[in-house]
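Observations on the model geometry
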Amino acid sequence: MFDLHRSPYFTDYLYYPTGVSLRFHTLNPLNGLLTLPFNQTIGYIPTFNLFQAATLVITLFCMFLFLRDFVGNVWAAFAGAAVYTYANELIVIYFTLGQPEKLSRQWLPLYFLFLFRALHGHPVWSNDGQIIRRDTRRWPMNAALAILVLLAMSFVDWQYVMFAVFTTLLYAILLLLTGRTIRDKARLFGKMAAIGGIYAAIVVVPLLIPMVLELQANPWLNVSGQAADRSIPLDRLLGFGTGNPGYLAFALAALGLLVAWRAKGATREIALFWTIASLFFYVMALGPDLIWNVHPTGITLPYAPLQTLPVLSVSRDPGRYSTVALLGIAVLSAFGIRAVLAHLDRWIGSGRSALLSAALVAAFVAMTRSSKKKAHEVFPGRGIVAFMIRCVIVI
């Protein structure tokens, strides 16, 4: 921009001398700018390694902040954040392929943190796990921060922006179906419209319109036909191995949904929403056709008609929708862990349960991570005994 006096979305270092557009390239300019001082001081390789490790810590922290607003228990929030951050086979793929833009998953929970604070206020929790009040006075600041996070995602990876938009629209549909008054619904939709409208006003003309025009002029950018090869087979999602966050996380998520449903109110609404979101995005992650044991079943899924739309046609990785589904599982798991820890407090007393709570959360995180190993590789024996041992390993 300053030396060559041209757009950063064009280069002639590729396909010289004609050059090529970088609008659909994973340019990742934000991470490049953030790591620039380190590149100039400690070098590119140490900076890259430092960035890879730091993104996991930052993702864990942002997800922790997001969950703490929902559950009010730091241990439950930490455990749920660990599920989202580490119980995901995609991070291994991103590390292996060197895709730092995909590792920057902290922007999704950070966006939802500010979005929900803008809509419903910042919850203030008591020591016994009850919401005392909600601070709604700072909703303009939280709305502005949500817009800034969306802008940051726009300069990291557009796919995460798409995930955020789809999830927000899904939540808007749920709000429309709730029993709130028309006035309350108008207030919430007004805030969401303000966030979406301001963001669109910033990015549509300089970024989105040129991308749409380029997409129309270059049909080869339509790569939706490759989606079937990058979907998650159903047996991989349900079976042993790395295709899911672990059966223990699923069990705690089911417990969290049950407890939240019985609690009613805002807790039930949040749990219901993330349950619907998890199911929806897991179905999207299955791709255009249901695959079982590597073979197509001939069953058409909702992703099939959606992949032909102008925006979605440039995406070929439906399996990445599992990131948002895992975020929902993490929310429900945090509810479940909070219920377990609350029962523990009543059983042995709050004064003696802190250390045990920490130990239980540490064990949960360790077991959830161990479930990422392939159970048949850890214990390759046959027979009912071997099968039972593999079940214990996965759980």
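As a further point, take the pairing of strand S5 (residues 289-292). In the sheet, S5 pairs with strand S6 (residues 295-300) via three bridges, with the strands oriented antiparallel. Residue Asp 289 lies in a different strand from S6, and its bridge partner there is Thr 300. In this structure, the hairpin formed by S5 and S6 is closed by a connection of two residues, where Asn 293 is found at a positive phi of approximately 55°.

Those residues of helix H4 (residues 90-97) lying buried are Leu 90, Ile 91 and Tyr 94. For H4, the arc enclosing every buried residue in end-on projection is 100°, short of the 170-degree limit, so these residues lie on one face. Buried residues in H4 make contact with helix H3 (74-86), helix H5 (100-103), helix H8 (158-177) and helix H14 (322-348). In the segment just after H4, Gly 98 is the residue with positive phi, at about 65°.

This part is about the nonpolar core. Counting residues in each nonpolar core, the largest one holds 97 residues, and the members touching the most others are Phe 66, Leu 108, Met 153, Trp 274 and Val 331. Of all the elements, H14 adds the most residues to this core, at 14 residues. Among residues more than four places away in sequence, those in contact with Trp 274 are Phe 66, Phe 70, Phe 112, Phe 116, Thr 167, Leu 327, Gly 328 and Val 331.

Once that is clear, we can look at the packing of helix H6 (residues 107-120) against H8. A pair of packed helices can be characterised by two numbers: the angle between their axes and the separation between those axes. The geometry of H6 relative to H8 is characterised by a closest axis approach of 11 Å and an angle of 30° between their N-to-C directions. The orientation of H6 with respect to H8, classified from their angle, is roughly parallel. Note on packing geometry: the crossing formed by H6 with H8 is right-handed. Every residue of H8 that contacts H6 at Leu 108, Tyr 111, Phe 112, Leu 115, Phe 116, Leu 119 and His 120 is listed here: Tyr 160, Phe 163, Ala 164, Thr 167, Thr 168 and Tyr 171. Across the contact of H6 with H8, the residue classes tally to 10 nonpolar, three polar and no charged.

This part is about empty space enclosed by the protein. Summed over all chains, the structure comprises two cavities of 30 Å³ or more. Counted as a void, the largest cavity has a volume near 100 Å³. Residues belonging to the lining of the largest cavity are distributed by class as follows: seven nonpolar, six polar and one charged.

With that out of the way, let us pick up the packing of helix H2 (residues 44-71) against H3. Two elements in contact, H2 and H3, have axes separated by 7 Å at closest approach and are oriented at 135°. With respect to each other, H2 and H3 are oriented oblique. The chirality of how H2 crosses H3 is right-handed. In this structure, H2 uses Leu 56, Thr 59, Leu 60, Met 63, Phe 64, Leu 67, Arg 68 and Val 71 to contact H3, whose residues at the interface are Val 74, Ala 76, Ala 77, Phe 78, Gly 80, Ala 81, Ala 82, Tyr 84, Thr 85 and Tyr 86. Taken together, the residues of the contact of H2 with H3 break down into 14 nonpolar, three polar and one charged.

Attention now goes to H6. Given a rise of 1.5 Å per residue, 14 residues ought to cover 20 Å, and the 20 Å separating the end C-alpha atoms of H6 matches this to within 8%. Where burial is concerned, most of H6 is hidden: 14 out of the 14 residues are buried. Positive phi appears at Gly 121, one or two residues downstream of H6, with a value of about 90°.

Further remarks concern the packing of aromatic side chains. Each aromatic ring pair is described using two quantities: the centre-to-centre distance and the angle formed by the ring planes. Counted by the stated rule, this structure contains 15 aromatic pairs. Arranged with centres 5.5 Å apart and planes meeting at 85°, the rings of Phe 70 and Phe 116 form a pair that is edge-to-face. In this pair, Phe 70 sits in helix H2 while Phe 116 sits in helix H6, placing the two residues 46 residues apart along the sequence. With centroids separated by 4.9 Å and ring planes inclined at 70°, the aromatic side chains of Tyr 171 and Phe 273 adopt a geometry described as edge-to-face.

Let us look at the side chain of Asn 142. Examined against the element boundaries, Asn 142 turns out to sit in helix H7 (residues 139-154). Residues in contact with Asn 142, not counting those within four places in the same chain, are Phe 114, Arg 117 and Ala 118.

Moving on: the pairing of strand S4 (residues 131-135). In the sheet, strand S3 (residues 122-125) pairs with S4 via four bridges, with the strands oriented antiparallel. Its bridge partner being in S4, Val 124 is matched across the sheet by Arg 133. Connecting S3 to the antiparallel partner S4 that follows it, the hairpin turn spans five residues, and Gly 129 within it adopts a positive phi of roughly 80°.

Cut-off values and rules
- Residues numbered from 1 in each chain as written.
- Predicted model: local features only at pLDDT ≥ 70, side-chain atom pairs only at ≥ 80, totals over all residues.
- Heavy atoms only, no water.
- Pairing = 2+ DSSP bridges.
- Helix = DSSP H or I, 4+ residues; strand = E, 2+ residues; numbered from the N terminus.
- Buried < 20%, exposed > 50% of the residue type's maximum accessible area, 1.4 Å probe, protein only.
- Arc of directions from axis to C-beta.
- Contact = heavy atoms within 4.5 Å.
- Core = buried A, V, L, I, M, F, W, Y, C linked by side-chain atoms within 4.5 Å.
- Axes fitted to C-alpha atoms, helices over the stretch in contact; angles between N-to-C directions.
- Parallel < 35°, antiparallel > 145°, perpendicular 65-115°, else oblique.
- Left-handed = near helix turned anticlockwise from the far one by under 90°.
- Nonpolar A, V, L, I, M, F, W, Y, C, P; charged D, E, K, R; others polar.
- 1 Å grid on protein atoms, 1.4 Å probe; cavity = no way out; pocket = protein on both sides within 12 Å on 5 of 7 lines; lining within 4 Å.
- Points joined across faces, edges and corners; volume = space filled by probe spheres on them.
- Expected span 1.5 Å × (residues − 1).
- Phe/Tyr/Trp six-rings, centres within 6.5 Å; stacked < 30°, edge-to-face > 60°.

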